[in-house]
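# Chain and residue survey
Read off the chains here:
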Amino acid sequence: MELLVRLILLPPLLMAAFNGMMGLFAPGYRKQEWVVGGLALVAVAVPFAVTCALFFGFEAPYVVRYFTWLTAGDLQVDFAYRIDQLSLLMTLVVTGVGSLIHLYSIGYMKGDPGFWRFFAYLNLFIFAMLNLVLAENLPVLFLGWEGVGLCSYLLIGFWYTDLKNSAAANKAFIVNRIGDFAFLLAMFIVFQTVTAARPGAFGLDFTTLLAPETLALFDGPVGFWVCLLFFIGATGKSAQIPLFVWLPDAMAGPTPVSALIHAATMVTSGLYLLARLSALVLLAPGAMQIIAVVGALTAIMAATVAMTQNDIKKVLAYSTVSQLGYMFLAAGVGAYFVAIFHVMTHAFFKACLFLGSGSVIHSMHHVEHELEHKGLIPGPHGPGTHDTPLDSEAANDPFKEGGAGAFEEDAKARQARPARGYATLPYDGPFDAQDMRTMGGLKRYMPSTRWTFLIATLAIAGIPGLAGFFSKDEILFKAFEYGYDGHLVGWIVWIVGLVTALLTAIYMTRAYLLTFEGDPRWPDALDTHPHESPWTMTVPLWVLAGLSVVGGFLGLPPVITETFGLPDSWIHHWLGQAYGGPVAELIHEDLPTAFTTWMLLGVGALIAIAGVAFAWVGLRFGPRGPEADRGIRRLMGFLYRPASRKWYWDEAYDAAVVDPIVEGSRKGLAPFDKKGVDGAVMGMAGSIRESASRLRRLQTGVVQTYAFAVVLGVLGVVALLLFT
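Residues numbered from 1 in each chain as written. Predicted model: local features only at pLDDT ≥ 70, side-chain atom pairs only at ≥ 80, totals over all residues. Heavy atoms only, no water.

### Some remarks on the side chain of R450
Counting through the fold element by element, R450 comes out in helix α19 (residues 447–461). Exposure remark for R450: the relative accessible area of 14% places this residue in the buried category. Reaching out from R450, the side chain makes a polar contact with the side chain of Y512 at a distance of 2.8 Å. For R450, the residues in contact, after removing those within four places along its chain, are K443, Y512, F516 and E517. (Helix = DSSP H or I, 4+ residues; strand = E, 2+ residues; numbered from the N terminus. Buried < 20%, exposed > 50% of the residue type's maximum accessible area, 1.4 Å probe, protein only. Polar contact = N/O pair within 3.5 Å; in protein donor to acceptor, adjacent residues only side chain to side chain. Contact = heavy atoms within 4.5 Å.)

### Observations concerning helix α12 (residues 269–276)
In terms of residue burial, α12 counts as a mostly covered element, since eight of its eight residues are buried. Buried within α12 are the following residues: S269, G270, L271, Y272, L273, L274, A275 and R276.

### Considerations on the state of the cysteines
Taken as a whole and assessed by the stated rule, the structure comprises zero disulfides. The closest cysteine sulfur to the non-disulfide-bonded C352 is located on C52, 20 Å from its own sulfur. (Disulfide = S-S within 2.5 Å.)

### Quick look at unusual backbone geometry
Of note, the bond from I241 into P242 is cis; its omega dihedral lies within 30 degrees of zero at 5 degrees. By the element assignment, P242 lies in the loop between α9 (221–237) and α10 (246–249). Despite not being glycine, D524 has its phi angle at roughly 55 degrees, a positive value. Relative to the helices and strands, D524 is located in the loop between α21 (488–516) and α22 (535–550). Under the relative-accessibility criterion, D524 is labelled partly exposed at 27%. A positive phi angle is found at R620, which is not glycine, with a value near 55 degrees. Looking at where R620 falls in the secondary structure, it is placed in the loop between α25 (594–618) and α26 (621–624).

### Observations regarding the environment of N165
One can find N165 in helix α6 (residues 163–197). Between the alpha carbons of N165 and F516 there is a distance of 28 Å; along the sequence they are 351 residues apart. Setting aside chain neighbours within four positions, we find N165 in contact with I156, G157, W159 and A252. Among the polar contacts made by the side chain of N165, one reaches the main-chain carbonyl oxygen of W159 at a distance of 3.0 Å.

### Overview of the pairing of strand β1 (residues 62–72)
Direction of pairing for β1 relative to strand β2 (residues 75–83): antiparallel, over a ladder of nine bridges. Each residue of the ladder has a partner; that of L70, found in β2, is V77. The loop that links β1 with its antiparallel partner β2 comprises two residues; one of these, G73, has a positive phi angle of about 65 degrees. (Pairing = 2+ DSSP bridges.)

### Some remarks on the side chain of K472
One can find K472 in helix α20 (residues 467–484). A polar contact of 2.9 Å, which involves the side chain of K472, links it to the side chain of D473. If we skip the residues at most four places from it in the chain, K472 touches Y326, H342, A461, G462, A501 and G604.

### Remarks on the pattern of salt bridges
Within this structure, the stated rule accounts for 19 salt bridges. Across the pair D629 and R510 runs a salt bridge whose closest N-O atoms are separated by 2.8 Å. Taken together, the positions of D629 in helix α27 (residues 629–636) and R510 in helix α21 put the pair 119 residues apart, joining distant regions of the chain. The partner of R694 in a salt bridge is E690, with the nearest N and O atoms 3.3 Å apart. (Salt bridge = Lys/Arg side-chain N within 4 Å of Asp/Glu carboxyl O.)

### Some details on the environment of Y336
Looking at the secondary structure, you find Y336 in helix α16 (residues 336–374). C-alpha of Y336 to C-alpha of G664: the two residues are 328 residues apart in sequence and 44 Å apart in space. Those residues within four positions of Y336 in sequence are excluded, and the remaining contacts are L274, A275, S278, V281, L282, M288, A330, A331, V583 and A584.

### Section: the packing of aromatic side chains
When we look at a pair of aromatic rings, we describe it by the centre distance and by the angle of the planes. For the structure shown, the criterion picks out 36 aromatic pairs. With 4.9 Å between their ring centres and 50 degrees between their planes, F55 and W574 make a pair best called tilted. Taken together, the positions of F55 in helix α2 (residues 33–56) and W574 in helix α24 (residues 570–575) put the pair 519 residues apart, joining distant regions of the chain. Members of the aromatic cluster, each reached through a chain of ring pairs, are F115, F118, F119, Y121, F158 and W159. Above the plane of the ring of F173 lies R177, whose end atom (NZ or CZ) is 4.2 Å from the centre. (Phe/Tyr/Trp six-rings, centres within 6.5 Å; stacked < 30°, edge-to-face > 60°. Lys NZ or Arg CZ within 6 Å of the ring centre and 35° of its normal.)

### Describing the confidence of the model for the protein
The share of residues in the protein with pLDDT of 70 or more is 94%, and the mean pLDDT across the chain is 89. Per-residue pLDDT, averaged within each element of the protein, yields its smallest value for helix α18 (residues 411–416) (39) and its largest for α19 (97). Across residues 381–420 the pLDDT falls below 50, and counting only partners more than four positions away or on other chains, this stretch makes 85 contacts in the model. (pLDDT = per-residue confidence, 0-100.)

### Focus on the environment of G286
If you trace the backbone, G286 turns up in helix α14 (residues 285–306). Note on G286: relative accessible area 34%, which makes it partly exposed. Linking G286 and F224, residues 62 residues apart in sequence, is a C-alpha distance of 7.0 Å.

### Digging into the packing of α16 against α19
The relative placement of two packed helices is expressed as an angle between their axes plus a distance between the axes. It is at 9 Å that the axes of α16 and α19 come closest, and there the two elements cross at 145 degrees. Here the hand of the crossing between α16 and α19 comes out left-handed. Residues F349, K350, C352, L353, G356, S357, S359 and V360 of α16 lie in contact with α19, whose contacting residues are T449, T452, F453, A456, T457, A459 and I460. Across the contact of α16 with α19, the residue classes tally to eight nonpolar, six polar and one charged. (Axes fitted to C-alpha atoms, helices over the stretch in contact; angles between N-to-C directions. Left-handed = near helix turned anticlockwise from the far one by under 90°. Nonpolar A, V, L, I, M, F, W, Y, C, P; charged D, E, K, R; others polar.)

### A few points about the packing of helix α3 (residues 85–108) against α22
Two numbers describe how α3 lies on α22: the axes approach to 7 Å, and their chain directions differ by 155 degrees. Relative to α22, the element α3 is oriented roughly antiparallel. Relative to α22, α3 is oriented so that their crossing is left-handed. Facing V97, L100, L103, Y104, G107 and Y108 of α3, the residues of α22 in contact are W535, T536, M537, V539, P540, V543 and L544. Of the residues contributing to the contact of α3 with α22, the split by class is eleven nonpolar, two polar and no charged. (Parallel < 35°, antiparallel > 145°, perpendicular 65-115°, else oblique.)

Here's what the structure looks like:
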């Protein structure tokens, strides 16, 4: 077992070091892209194969201890890893989806000067994530927790020569430190509480912490604050209110990074933490209700923002924030195994969507280069370049000229107006390969990308039979069940979840239609054509699309299995504590009837179908293109403006935190630095300079003066010898 765990952990770490060192010191190695990418892929595929072997041969939980990490008094932290149902499932998701993303990246990053560096970072990220999900104690888990934070910083800012990418990486790193501080406080309280009551006990390893006699110590206010602090830590990594603001900006990184970090791995860390500590969190019902409310608010808030976005990756980013809110909603109502079920299905269809968007962007960059070559649009630094930055922030502002809400200007007049001699675009600003308003009609050029994107879109929308339907509706059912058992919060979050489900179906269908249906909207569409991505990019798309179809059948609801005589929910039996798994759940006294459960399933299905139909048939995004956004604006009414401005979260942080710190530093710290620190340094330098200027007068350059000084020195020495 120890050897097998090493084969899971070490290959990504060793290959990250190998590719990094070879890339640094052997410039010729950087050009061997298939070697670099192939080795990096093998380093993730091997752990996946080993995990599959452990998964299918699993009999009982097992802890592997390698060596002592640190010792201080009675404290001893071991590098120990736990093999159980939860860690195996998460490892399968991390390495399985991670392997597909590595294969995809070989095609996507082809020709990039930092190809070798990118794969070194990816492998290092996988290693850190494996440490997180396999850790047997909180310190080792926190090591992985910080590791994925560091790697996300490196990957988000991968193209660091662009200032906005570096700013996005800094934002992600700084915001996550807030959550990490709460995580540390929770660990300190746990350690102090356990060691005070049980001298000699470590308390931070899961075997001790989750033992009944230890859990009894947290049945009260201490347990509430510990769980709340752990949740605050989770809001950073898993992008919940108020610490979600880093994730949309993290789209500045390469698209495979978005798929790996923001779909399948790092953003699910907070859910994994709560599921691992589910027996502890269940002792704090007050904290659970806070988790449910924050998750529901995050879900609907992010969904409204996604309705207004034109950047295809920003739509998916806010969709990720919204779906993570669903998962926390499930955790807040005590359905931790359902939260992990949605973690798994979301990894499938959201990774497919992100990689599909990357395939589209990859192709639209080809269109952009052709248009630049033909002189139909300006180059990024050529004459006539618009003042708007080369991203879609301005495009996503509907109240700037040419934004999604600027319908006051007649569309035909806007199309007819020349843009400094270049071809006109559906909006004012430079050509943006990520803006869905410049796309349309891509299904005829990119069939594989189109079909896989459509399948994943229908899955996340919750169309019956697909993965998202089963996991999302199980979350809604558990919220209803929580309310049915007498908790008002349950009814509230259930209603919010239903509204969010409708919005999800609408904005995801809108994204698909604007991208693939209708007529092409880029200039010179008759002669400038996109192309399908290479097989290294389309094969992962088809695999993920297939998992988006079948993945939901691992968690069939009891009402279906009982009605049709099917096996019980696999994921419930695999993870549930009642069946020998590590994940606890809240047990309700009053349960809905079978008829009510069928009605709830029907409501969920109708909402998904209605949302898809509204965008497809009602608003007709396919033939109408961006003009159909008029209907979105009417639907949202007065909410459209704040939603399009992302509910002013960034502005609020700037006003409350960033600007006061910057202004305080400018008025307080800057003068102190200039007059205090610099004054002390410059004063010392001045005194040395003044002393040197006086002493240098002794250096006259006259030989007689030096001879006279030597004579005086000799006389002084003789005098000392005679009179002492």
